[in-house]
Amino acid sequence: MTTARPSPGVRLKRFASNVGFALAVFVIVSPAILVMLWMLSLSLKNDVDNIAFPPVFVPSPPTFANFIDVFEKNRFDIYFVNSLVVSGVSTLIAILVGVPAGYGIAKAQAHKLAVLTLIARITPGLSYLIPLYILFQWIGLTGTVWPIVITHLVLTVPIFIYVMIGFFENLPPDLEEAALIDGCSLWQAFRYVALPLARPGIVVGAILSVIFSWNNFIFGAVLGGRTTRTLPVAVFNMLTFEQLAWGPLAAAALLVTAPVLILTLFIQKEIVGGLTTGGVKGG
Amino acid sequence: MTEASTLERKVASAAKAVSTRGPGFDRNYLPFVYPALIITLAVIVFPWIFTIYMSFYDWKIGHAREFVGFANFTKLTTDARFIESIGHTLYFTALAVVLPVIFGTIAALIFNERFPLRGLFRAIFILPMMATPVAVALVWTMMFHPQLGVLNYLLSLVGIPPQLWVYSPETVIPSLVAVEVWHWTPLVMLIVLGGLASLPTEPYESARIDGASAWQMFRHITLPLIMPFILVAGVIRMIDALKAFDTIFVITSGGPGTASETINIYLYLQAFSFYNIGYASAMTMVFFALIIVLTLVLLYLRQKAKWT
């Protein structure tokens, strides 16, 4: 009687292919995790260990001196607030105009307007920066954080609208149609029917837009002054001043990017679920 | 009476709104778009138009501007540094498209399988593309250090002599490409993974009945079906690689010398180090045209791949 139990040869083969597969997973994930761990390792070691050769991999004992050093020698508190204001306000504006816009474009099938957001995606960031820089000089906004907030709309508004279009196109239209037949205006159907359903889409769009704004370097680098620069610009400035102080540099890098990495883990499913199919990326 | 007629009108307009759904453009929804349109006009369309205007002027910040017609554009054709930067950009872009597309496709095939902790591994895999570019660039700068960097130590373990990485004109662009590959392979993986998820199961079943091997099924079913997604990933990767700025600027600023100076880096220097706003605007337009043309070429190739 033959049962479902495979022969030893087949089992060995299956075992070998499983081991091979595990190895492949390990190989493709390791560059990502190793670079992140190396950043963590550098930030937790003293300067002697950091420039030792051969390198010291595991901090023993780990020290938080680098993080304290970053806050003592730089005004990271100010830069942190700047980054928070810039990505927060630019995302808030993107939500206010982007939710109705995404709804309107999805419902009206206004593909030409969607193409506009795509062209905005193709255009190099510097080509916005030069004219807006001149404009801000003319109207005297330099020296405040507002020019940075306004230029960040170039990133946040298209990303957010793009996410919302995708979201509203996938929302079943039955409920709104029922509302329209019951005599709701288009605005009411949007406000009381579609908007409450759009919450998850808004959350994902907002997180992506905050991340891309938070990560942006070039706008803040050109438009930010001593007190208005954002975190990535502040970290870049540390590089030019502290050549071989790797501990504080890595600590600063980690401080900037840790909030983003944590947010990413939260919306990991949505990112994988195809939001990036259109190539959402700031730039 | 009037109440009834307003109700009638309401129903009629609602019915019209419902019936005009579907294919075609519905004007009634335009007001929803207006606020976003105003912002888009201000921060996106206005800069485009103003860039065109500036490109016809000899315009240096802090100096009087002077209309020069197409002089900025003719100057570009004789600017050796600009022409050199085009070469660097194309070299960088070619590598930074092909390698992530290959690695990303392989990674997508792996993540398309079911295995324990897949979600966690996938989350770790996509972390690089979300990480702050300046932070990423800083860590790689330290890793590239010729005497103390961890990369040369790792090479020494397998008996390869130490490299100069970004400190040598010969290896600077491939080294920067390594950072770019690390940074953006996840985006390719996600796009191709989306394609793999949409594959039908029937062709595989009939192929299995016909006794096809795993490789044959991949080569003749999977690959042709996900080709459109791979090409989309290639187009997006090309646009981003042409525009790459942050990591190059932080790690080398175009150096050593001008060995890694791409169009975008040279453009930045012209605009915000030399303050030649007019000249930089002309360069922006040529750069933008280059991006559009290369994108259209790739999209044309994609279209062709679809028909054959």
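Residues numbered from 1 in each chain as written. Chains lettered and ligands numbered in written order. Predicted model: local features only at pLDDT ≥ 70, side-chain atom pairs only at ≥ 80, totals over all residues. Heavy atoms only, no water.

Digging into the overall build of chain A
Quick reminder of the rule: What counts as a helix is a DSSP run of H or I of at least four residues, what counts as a strand is a run of E of at least two, and both are numbered from the N terminus. Here the globule rule is a power law, 2.2 Å times the number of residues to the power 0.38, and the radius of gyration is based on C-alpha atoms. Throughout, exposure labels follow a simple rule: accessible area from a 1.4 Å probe, protein chains only, divided by the maximum for the residue type, with under 20% read as buried, over 50% as exposed, and the rest as partly exposed.
Within chain A, the secondary structure is distributed over 14 helices and zero strands. Along the chain direction, N to C, the helices and strands of chain A fall in the order α-α-α-α-α-α-α-α-α-α-α-α-α-α. Here the C-alpha radius of gyration of chain A, 25 Å, is well above what a compact globule of 283 residues would show, namely 19 Å. By residue count, 53% of the 283 residues in chain A fall in the buried class.

Comments concerning the nonpolar core
Quick reminder of the rule: Among the buried residues, those of types Ala, Val, Leu, Ile, Met, Phe, Trp, Tyr and Cys that are joined through side-chain atoms within 4.5 Å form a nonpolar core. Each domain's limits were defined by an automated method or a database of domain assignments. We call two residues in contact when some of their heavy atoms are within 4.5 Å.
Counting residues in each nonpolar core, the largest one holds 190 residues, and the members touching the most others are Phe76 and Phe168 of chain A together with Phe92, Trp140, Met189, Tyr268 and Phe272 of chain B. With 16 residues, the top contributor of residues to this core is helix α8 (residues 172–197) of chain B. Each of domain 1 (8–65) and domain 2 (67–278) of chain A accounts for three or more of the residues forming this core. For Met189 of chain B, the contacting residues outside a window of four places in its chain are Gly104, Ala107, Ala108, Phe111, Arg122, Phe125 and Ile126 of chain B.

Re the interface of chain B and chain A
What counts here: Note on definitions: buried area is the accessible-area loss of two parts on being combined, 1.4 Å probe, summed for both. Counted as salt bridges are all cases of a side-chain nitrogen of Lys or Arg within 4 Å of a carboxyl oxygen of Asp or Glu. The term polar contact refers here to a pair of N or O atoms within 3.5 Å; inside protein, the definition further demands a hydrogen-donor-capable atom paired with an acceptor-capable atom, and it admits residues adjacent in sequence only when both atoms are side-chain atoms. Residues were grouped as follows: Ala, Val, Leu, Ile, Met, Phe, Trp, Tyr, Cys and Pro as nonpolar; Asp, Glu, Lys and Arg as charged; and all remaining residues, including Gly, as polar.
Counting from both sides, the interface comprises 93 residues of chain B and, opposite them, 94 residues of chain A. Across the interface of chain B and chain A, roughly 8,400 Å² is buried in total on both sides, 82% from carbon and sulfur atoms. Contact with chain A buries surface across chain B, with Phe32, Met130 and Met142 of chain B losing the most and accounting together for 9% of the total. Viewed at the interface, chain A and chain B are joined by zero salt bridges. Remark: the boundary between chain B and chain A carries seven residue pairs in polar contact (both at pLDDT 80 or more). The element that contributes the greatest number of residues to the side of chain B that touches chain A is helix α2 (residues 30–54) of chain B, accounting for 17 residues. When grouped by side-chain class, the residues that make up the side of chain B that touches chain A number 71 nonpolar, 13 polar and nine charged.

A closer look at the confidence of the model for chain A
Residue and element names in this part refer to chain A. Selection criterion: On a scale of 0 to 100, pLDDT captures the predictor's confidence in every residue.
Looking at chain A as a whole, the pLDDT averages 85, with 93% of positions reaching at least 70. No element of chain A has a lower mean pLDDT than helix α5 (residues 111–122), at 77, and none a higher one than helix α4 (residues 76–108), at 93. When the criterion is pLDDT under 50, residues 276–283 qualifies, and its contacts beyond four places in sequence or with other chains add up to 29 contacts.

Description of the domain arrangement of chain A
Residue and element names in this part refer to chain A. We note that the domain assignment places domain 1 (8–65) and domain 2 (67–278) within chain A. Listed by partner, the interface residues are 11 residues for domain 1 and 14 residues for domain 2. Contact between domain 1 and domain 2 buries roughly 980 Å² in total, counting both sides, with carbon and sulfur atoms accounting for 74%. The tally of links between domain 1 and domain 2 comes to zero salt bridges. Applying the counting criterion to the domain 1 and domain 2 interface returns five residue pairs in polar contact (both at pLDDT 80 or more). Contributing elements (two or more residues each) for the side of domain 1 that touches domain 2: α1 (8–43) and α2 (47–50). Among the elements that take part in the side of domain 1 that touches domain 2, α1 stands out by supplying five residues, more than any other. Split by residue class, the side of domain 1 that touches domain 2 holds eight nonpolar, two polar and one charged.

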